[in-house]
Amino acid sequence: MNPPLPVAGHFRQLLGLDLLRFVAALLVMLLHYGCAFGAYHYPWPFLWYKPLPPDPGLANTAWVGFVGVQVFFVLSGFVIAYSAQRSTAGEFFRARFTRLYPGAWIRATFTALLLLLDRQPWASFAHCYLSSLWISPFLPCIDPVYWTLGIELSFYFVIFLLLLIRRYDLIGKVMSVIGIVSAAAILYAVGNLRHWFHIPHLGGRYAYQIFNALAAHLLLLPFGAFFAVGTMLWLCLFDHASKARIAVAAICFLACLIEIRQQAAWLTDDFPARAWIAAPAIWALAVVGIIVSVRWNTTFHLLVGIRGARIIRRLGLVTYPVYLIHQFFGYLIIVHLHDHIPYRLSC
């Protein structure tokens, strides 16, 4: 299988995907600045964090930002599957390594220096710093945003193996299996996970926390369906929209909506029920945005022009650095401002 270039014409840069990536980062920032720093439904045991006075009114809106992570996973399923199609295993490894690790090294080192300047003892965060340098999914990192990188690496490993054995033509079948297994796991977990562990008294909320444990994350059980949606979109838009691919995409799409709805319920059990509709709706719009970005890419390029395309591309490129640095540095700024101006304004 060797899918053609984008159907959008001779413009290889998909501007809409860069914008969606940047919007997803803004959503995550909204969650952290408007909800997490006030410790509102967001336990945060990291060493440098001191809870700020919560703003329930702001949290009632900001919590929807968690869905930015799920948008990132769909975008990864689409973009990584597309970009890897003409790569060797070595080329793919080098590209992903240079994309992820240097930024993580610089960001973790800078954070460690700031912690030392803040007179935090080195022994209290040395293990977090070292685990951040190689993006360890098994040890606590110096910043909580690193948790998604381990999941991304699990998906990259699947792509790497297919390239290594020179069977990238199996990407559709492999991601279909991963997506269907993930969808089944999501439905089973949400439906009645306590019977999985044979613990009759296990509550639904605690059961879902077990489902979101590290081992489940690395096996892509909670999020494999999101990557599968992205990969199936790529195959349907660039290669062939077979009935099997459409069916897999539809099943995974529905499972993703259920997973997001469950996460929203877990985060917002004191919020109005109508609020639970917002997060799935935002994610669904992002998926539609991917399709629109491909189909009308040429039109988009002509509308924004060369200069606009360059700006949008830069927004897409800065998304990963912004994602890595926003939480710690945003917290430092807000904690110094909230004594002088209202918390909502400082955010």
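Here is a short report on the structure shown in this document. Since this is a predicted model, take the numbers as computed values, not measurements.

Concerning the overall build of the protein chain
Scanning the protein chain for helices and strands turns up 14 helices and 0 strands. In the protein chain, the succession of helices and strands from N to C terminus is α-α-α-α-α-α-α-α-α-α-α-α-α-α. Carbon and sulfur atoms provide 70% of the accessible area of the protein chain, an area that totals close to 16400 Å².

Some words on the side chain of arginine 245
Position of arginine 245 relative to the elements: it lies in helix α11 (residues 243–267). At a separation of 2.9 Å, a polar atom in the side chain of arginine 245 contacts the side chain of aspartate 239.

Some thoughts on the environment of leucine 254
Considering the arrangement of structural elements, one finds leucine 254 in helix α11. Classification of leucine 254 by relative accessible area gives exposed; the value is 52%. Each C-alpha atom of the pair leucine 254 and alanine 183 lies 8.3 Å from the other, and the pair is 71 residues apart in sequence.

Here's the deal with the packing of helix α3 (residues 67–84) against helix α10 (residues 224–238)
One way to put it is that α3 packs onto α10 with a least axis distance of 7 Å and a crossing angle of 40°. Taken as axis vectors, α3 and α10 run oblique relative to one another. The handedness of the crossing between α3 and α10 is right-handed. Every residue of α10 that contacts α3 at Gln70, Phe73, Val74, Ser76, Gly77, Phe78, Ala81 and Tyr82 is listed here: Phe226, Phe227, Val229, Gly230, Thr231, Leu233, Trp234, Leu237 and Phe238. Of the residues in the contact of α3 with α10, the class split is 12 nonpolar, 5 polar and no charged.

Details of the packing of helix α4 (residues 89–117) against helix α13 (residues 297–337)
It is the contact of α4 with α13, at a shortest axis distance of 11 Å, that shows an interaxial angle of 15°. As summarised for this structure, α4 and α13 are arranged roughly parallel, according to the angle between their axes. Crossing angle aside, the handedness with which α4 passes α13 is right-handed. Each of Arg99, Leu100, Gly103, Ala104, Arg107, Phe110, Thr111, Leu114 and Leu115 in α4 lies in contact with α13, whose residues at this interface are Gly316, Leu317, Tyr320, Leu324, Ile325, Phe328, Phe329 and Leu332. In the contact of α4 with α13, the residues fall into 12 nonpolar, 3 polar and 2 charged.

Comments concerning unusual backbone geometry
In this structure, arginine 166 takes a positive phi of about 60° despite not being glycine. Residue placement: arginine 166 occurs in the loop between α6 (147–164) and α7 (171–192). At leucine 220, a residue that is not glycine, the phi angle is positive and equals roughly 65°. Among the secondary structure elements, leucine 220 is positioned in the loop between α9 (214–218) and α10.

Observations concerning the packing of aromatic side chains
What characterises a pair of aromatic rings is the spacing of the ring centres plus the angle enclosed by the ring planes. Tallied over the entire structure, the rule returns 21 aromatic pairs. Measuring from centroid to centroid gives 6.1 Å for tryptophan 147 and phenylalanine 223, while their planes differ by 50°, and the two rings are tilted. Here tryptophan 147, found in helix α6, pairs with phenylalanine 223, found in the loop between α9 and α10; they are 76 residues apart in sequence, far enough to count as distant. On the accessibility criterion, tryptophan 147 (39% relative accessible area) is partly exposed. Exposure remark for phenylalanine 223: the relative accessible area of 3% places this residue in the buried category. Clustering of aromatic rings is evident, with ring pairs tying together Phe73, Phe92, Trp147, Phe155, Tyr156, Phe223, Phe226, Phe227, Phe253 and Trp283. Geometry around tyrosine 156 places arginine 96 over its ring, the cationic atom sitting 5.4 Å from the centre.

Section: the pattern of salt bridges
This model, assessed by the stated rule, comprises 5 salt bridges. For the salt bridge of aspartate 18 with arginine 21, the shortest nitrogen-to-oxygen distance reads 2.8 Å. With aspartate 18 and arginine 21 both in helix α1 (residues 15–34) and 3 residues apart, this pair spans about one turn of that helix. Overall, the relative accessible area of 3% leaves aspartate 18 in the buried class. Among the salt bridges present, the one from arginine 313 reaches aspartate 18, with a minimum N-O distance of 3.2 Å. On the criterion of sequence distance, the pair formed by arginine 313 in helix α13 and aspartate 18 in helix α1 is long-range, its members being 295 residues apart. Shared partners join several salt bridges into a network, and the residues in it are Asp18, Arg21 and Arg313.

Considering the side chain of glutamate 152
Its location among the elements puts glutamate 152 in helix α6. One buried charged residue, glutamate 152, forms no salt bridge at all, with the nearest opposite charge on arginine 96 at 6.8 Å. Contact partners of glutamate 152, with chain neighbours within four places excluded, come to Phe72, Phe73, Ser76 and Phe227.

Notes on α3
Since one α-helical turn is 3.6 residues long, residues separated by three or four positions face the same way. Between the first and last C-alpha of α3 there are 26 Å, a value that for 18 residues agrees with the 26 Å anticipated at 1.5 Å per step. Within α3, 16 of the 18 residues are buried, which leaves the element mostly enclosed by the surrounding structure.

Some points on the state of the cysteines
For the coordinates displayed, the defined rule picks out 0 disulfides. With no disulfide of its own, cysteine 128 lies closest to cysteine 141 among cysteine sulfurs, the gap being 7.6 Å. The thiol sulfur of cysteine 256 is not disulfide-bonded, and the nearest other cysteine sulfur, from cysteine 252, lies at 6.4 Å. A residue is classified by how much of its surface remains accessible, and cysteine 256, at 0% relative accessible area, is buried.

What counts, and at which threshold
Residues numbered from 1 in each chain as written. Predicted model: local features only at pLDDT ≥ 70, side-chain atom pairs only at ≥ 80, totals over all residues. Heavy atoms only, no water. Helix = DSSP H or I, 4+ residues; strand = E, 2+ residues; numbered from the N terminus. Areas by Shrake-Rupley, 256 points an atom, 1.4 Å probe, with all protein chains shown as cover. Polar contact = N/O pair within 3.5 Å; in protein donor to acceptor, adjacent residues only side chain to side chain. Buried < 20%, exposed > 50% of the residue type's maximum accessible area, 1.4 Å probe, protein only. Axes fitted to C-alpha atoms, helices over the stretch in contact; angles between N-to-C directions. Parallel < 35°, antiparallel > 145°, perpendicular 65-115°, else oblique. Left-handed = near helix turned anticlockwise from the far one by under 90°. Contact = heavy atoms within 4.5 Å. Nonpolar A, V, L, I, M, F, W, Y, C, P; charged D, E, K, R; others polar. Phe/Tyr/Trp six-rings, centres within 6.5 Å; stacked < 30°, edge-to-face > 60°. Lys NZ or Arg CZ within 6 Å of the ring centre and 35° of its normal. Salt bridge = Lys/Arg side-chain N within 4 Å of Asp/Glu carboxyl O. Lys, Arg positive; Asp, Glu negative; His and termini not counted. Expected span 1.5 Å × (residues − 1). Disulfide = S-S within 2.5 Å.

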